[in-house]
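Take a look at the letters that make up each chain.
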Amino acid sequence: MIDLNALRADPQRFRNAWQDRGESIDVDSLLALDAKVRESKVKTEGLRAEVNAASKAIGAVAKQGAAALEAAKAKARELGDQAKAVDAEREVLERQLTDKLLILPNVCLPAVPTGKDASANVVSATWGEKPQFAFTPKAHWDLAPALDIMDFDRAAKLSGSGFVALKGAGARLSRALISWFLDTHTLTNGYTEWAPPYLVSTQQMVGTGQLPKFRDQFYACRDDDLVLIPTAEVPITNLHAGEILEAETLPRKYTAHTPCFRREAGAAGVGTRGMTRVHQFDKVEVVWLTRPETSEADLMTLRGHAEWLLQQLGLHYRVLDLCTGDTGFGSARTFDLEVWAPGANAWLEVSSCSTFTDFQARRANLRFRDKGGKPQFVHTLNGSALALPRCLIALIETYQQADGSVTIPPVLRPYLGGLEKITK
RNA sequence: GGACAGGUGGCAGAGUGGUCGAAUGCGCGCGCUUGGAAAGCGCGUAACGGGGAAACUCGUUCGGGGGUUCGAAUCCCUCCCUGUCCGCCA
């Protein structure tokens, strides 16, 4: 949620920012509604104050006799009824305003390149080179079933299209990656590991910004008012919702492995072949709750943690500095890490590292306090480090051999019982 | 799923219709004390929102929502959560 005070103080800044995002938002009507809400509030509160004063005085009135008491009660009751009526109006207006605020996107940081869509994203770094093959490299959707480590047909039988079942060395490789990612974050990068619930209440989805705007993107268990998490960002960021954290405990650096469930409504067709876009996938997420003044630098550190993993795996990747038009709803700045898949002949997004500034913190009421100071909102950051399926794809496609086998990068071998190569 | 007991400030914990935004303790801040610190002593210390240049002031908030009442932390209804016991169960 954006800061309404800031919007009042400098509406033009927000107009420009939203325009850069390609959003047309009627700032004037928003401000008009806000003014109405506040006017209504002043009215309600004035009446309430009168009611309170009248009630307080009633004790003394009682001593003047029953008739006086009854008169005083009647008067107070009348005031109370008036206050209730005005307050009901206020409530309606306030709900209207809140509904509008909840679907307003965040404002991008000044450093974000201005642009309309993905074509304006800037490649801000590239690591490694495209691997060269003496043969025509295969895509994972051919390679992996041939090695008997991915089964798309049986997954479809169980759950329909957009699912995959990993088998044997495929399942184990996925598990090895998860363990190595988590170990790196906890042992080297100073993260604390969580294993959170995968089902959360819809309130949490409001906190991180998926709701109310993106209701069709995730799976809901409506009988229980729970949703399947589309990313660990949701439970992890909301862990401290409503709390006031001591400043010296910041930054909180959390990591978690969870499955992620996404309906991917409207995504059918392009770029969905094989395991590149599935309804359920594993991901290791990193989340920071940090101080506003360090959050921009922290984002670079977080991004570095994700990049380090790709480097250790020896995978060619690039970093996109997303432009204003391509930056996600709640994000103020996002770097996407895309890994090269030589078989599919495509860049695959394996990580998205973002700062949400205080956007999520306002929604989730996530604050911190310096000793003796006032509570203020933290900044929240998160990033994938990394998403499993596309790492698997890149690994398999990058390290495939002419005979259809796949070699394992040295860093993963300890997690695979020393396995050096996957063969049929 | 059933029965019972609970849910109060940053934390612990008192509070059964007005004098309660709420005792007390801890924590935290400032001061005194001290060579310095600890202890001790004194004072201060909830959040959010409105108005105001400010001093300040008004409103809301005692798990959520609703109700009774002139007035609710306190009474009633309902939902959620926690604990204990029972049931069920990986």
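Residues numbered from 1 in each chain as written. Chains lettered and ligands numbered in written order. Predicted model: local features only at pLDDT ≥ 70, side-chain atom pairs only at ≥ 80, totals over all residues. Heavy atoms only, no water.

Asks: Which parts of the structure should I look at to understand the protein's contact with RNA strand B?
Replies: Taken together, 19 residues lie near RNA strand B, and Lys-41, Arg-48, Ser-55, Arg-77 and Arg-367 sit nearest. The sugar-phosphate portion of RNA strand B accounts for 79% of its atoms within 4 Å of the protein, the bases making up the rest. Between a base nitrogen of RNA strand B and a side-chain N or O atom of Glu-45, the distance comes to 3.3 Å. Within the side chain of Arg-367, a nitrogen or oxygen atom sits 2.9 Å from a sugar or linking oxygen of RNA strand B. Within the residue set of the surface near RNA strand B, elements represented by two or more residues are α3 (27-62), α4 (66-102) and β14 (367-369). (Near = heavy atom within 4 Å. Polar contact = N/O pair within 3.5 Å; in protein donor to acceptor, adjacent residues only side chain to side chain. Helix = DSSP H or I, 4+ residues; strand = E, 2+ residues; numbered from the N terminus.)

Asks: Explanation requested: the domain arrangement of chain A in the structure shown.
Replies: Bring the parts together and some accessible area is lost; that lost area is often taken as the interface size. Splitting chain A by domain gives domain 1 (26-102) and domain 2 (118-422). Computed over C-alpha atoms only, the centres of domain 1 and domain 2 are separated by 49 Å. (Domains from an automatic or database assignment.)

Asks: Help me understand the pattern of salt bridges, please; the structure alone is not making it clear to me.
Replies: When the charged atoms of two side chains lie near each other, side chains of opposite charge can form a pair. Counted under the stated rule, the structure contains 17 salt bridges. One salt bridge in this structure joins Glu-264 and Arg-277, with 3.0 Å as the shortest N-O distance. Of this pair, Glu-264 sits in the loop between β9 (252-261) and β10 (280-290) while Arg-277 sits in the loop between β9 and β10, and the two are 13 residues apart along the sequence. Via salt bridges that share partners, Lys-41, Asp-87, Arg-90 and Glu-94 belong to a single interconnected network. (Salt bridge = Lys/Arg side-chain N within 4 Å of Asp/Glu carboxyl O.)

Asks: Even after reading the chapter, I still don't get the sheet that holds strand β15 (residues 375-377), so can you show me in this structure?
Replies: Taken together, the 3 strands give an open sheet; going across it, the order is β8-β14-β15, and neighbouring strands pair in mixed fashion. The open sheet has two free edges, formed respectively by β8 (244-246) and β15, since each of these has just one partner strand. Taken over all neighbouring pairs, the strand axes of this sheet differ in orientation by 40° on average, direction set aside. Both β8 and β14 contribute to a ladder of 3 bridges, which runs parallel. Bridging from a neighbouring strand, Leu-245 pairs with Phe-368 of β14. (Pairing = 2+ DSSP bridges. Axes fitted to C-alpha atoms, helices over the stretch in contact; angles between N-to-C directions.)

Asks: I keep staring at the packing of aromatic side chains and nothing clicks. Help me out?
Replies: Given two aromatic rings, their pairing is described by the distance between the two centres and the angle made by the two planes. All chains considered together, the criterion is met by 9 aromatic pairs. Relative to Trp-18, the ring of Phe-14 lies with its centre 5.5 Å away and its plane at 55°, an arrangement referred to as tilted. One end of the pair is Phe-14 and the other is Trp-18, both in helix α2 (residues 11-20) and 4 residues apart, which spans about a single turn. Ring centres of Trp-340 and Trp-347 lie 5.2 Å apart, and the angle between their planes is 65°; on these two criteria the pair is classed as edge-to-face. The buried category is assigned to Trp-340, whose relative accessible area is 8%. Above the ring of Trp-340, the side-chain terminus of Lys-130 is found at 4.0 Å from the ring centroid. The ring of Phe-335 carries Arg-303 above its face, with NZ or CZ at 4.6 Å from the centroid. (Phe/Tyr/Trp six-rings, centres within 6.5 Å; stacked < 30°, edge-to-face > 60°. Buried < 20%, exposed > 50% of the residue type's maximum accessible area, 1.4 Å probe, protein only. Lys NZ or Arg CZ within 6 Å of the ring centre and 35° of its normal.)

Asks: I keep staring at the packing of helix α7 (residues 169-188) against helix α12 (residues 388-398) and nothing clicks. Help me out?
Replies: Across the interface, α7 lies against α12 with an axial gap of 10 Å and an inter-helix angle of 115°. Taken together, the axes of α7 and α12 are roughly perpendicular relative to one another. In this structure, α7 crosses over α12, and the sense of that crossing is right-handed. Taken together, the residues of α12 that come into contact with α7 (itself represented by Leu-173, Ser-174, Leu-177, Ile-178 and Phe-181) are Leu-388, Cys-391, Leu-392 and Leu-395. Broken down by class, the residue content of the contact of α7 with α12 amounts to 8 nonpolar, 1 polar and no charged. (Parallel < 35°, antiparallel > 145°, perpendicular 65-115°, else oblique. Left-handed = near helix turned anticlockwise from the far one by under 90°. Contact = heavy atoms within 4.5 Å. Nonpolar A, V, L, I, M, F, W, Y, C, P; charged D, E, K, R; others polar.)

Asks: Looking at this structure, I do not really get the nonpolar core. What am I missing?
Replies: In summary, soluble globular proteins display a tendency toward joint burial of nonpolar side chains. Grouped together as the largest cluster of nonpolar side chains are 50 residues, with contacts concentrated most on Leu-177, Phe-181, Leu-310, Leu-313, Leu-315, Leu-386 and Leu-412. Apart from residues lying up to four places away in sequence, Leu-313 is in contact with Leu-177, Trp-180, Phe-181, Leu-395, Tyr-399, Pro-409, Val-411 and Leu-412. Counting 29 residues, the second-largest nonpolar core is a separate cluster that includes Ile-2, Leu-7, Leu-102 and Ile-229. (Core = buried A, V, L, I, M, F, W, Y, C linked by side-chain atoms within 4.5 Å.)

Asks: I keep staring at the layout of surface pockets and nothing clicks. Help me out?
Replies: Over the atoms a probe the size of a water molecule is rolled, and this reveals where empty space is left. Approximately 1,600 Å³ is the volume found for the largest pocket. For the lining of the largest pocket, the element with the highest residue contribution is strand β13 (residues 346-355), accounting for 8 residues. Along the lines of polarity and charge, the residues of the lining of the largest pocket split into 17 nonpolar, 17 polar and 12 charged. Of the voids in this model, the second largest pocket is the one considered here, and its volume is about 380 Å³. (1 Å grid on protein atoms, 1.4 Å probe; cavity = no way out; pocket = protein on both sides within 12 Å on 5 of 7 lines; lining within 4 Å. Points joined across faces, edges and corners; volume = space filled by probe spheres on them.)

Asks: Looking at this model, I keep getting lost on the side chain of Gln-400. Mind explaining?
Replies: Note on placement: Gln-400 falls in the loop between α12 and β17 (406-407). Residue Gln-400 is classed as buried on the basis of its relative accessible area of 4%. For Gln-400, the side chain forms a polar contact with the main-chain nitrogen of Lys-138, separated by 2.9 Å. Every residue in contact with Gln-400, bar those within four places of it in the chain, is listed here: Phe-133, Phe-135, Pro-137, Lys-138, Leu-143, Ser-405 and Val-406.

Asks: What exactly am I supposed to notice about α2 here?
Replies: In an α-helix there are 3.6 residues to a turn, and that puts residues three or four apart on one side. Among all positions in α2, only Pro-11, Phe-14, Ala-17 and Trp-18 are buried. Down the axis, α2 shows its buried residues gathered within 125° of arc, on one side only. At the exit of α2 stands Gly-22, carrying a positive phi of roughly 80°. (Arc of directions from axis to C-beta.)

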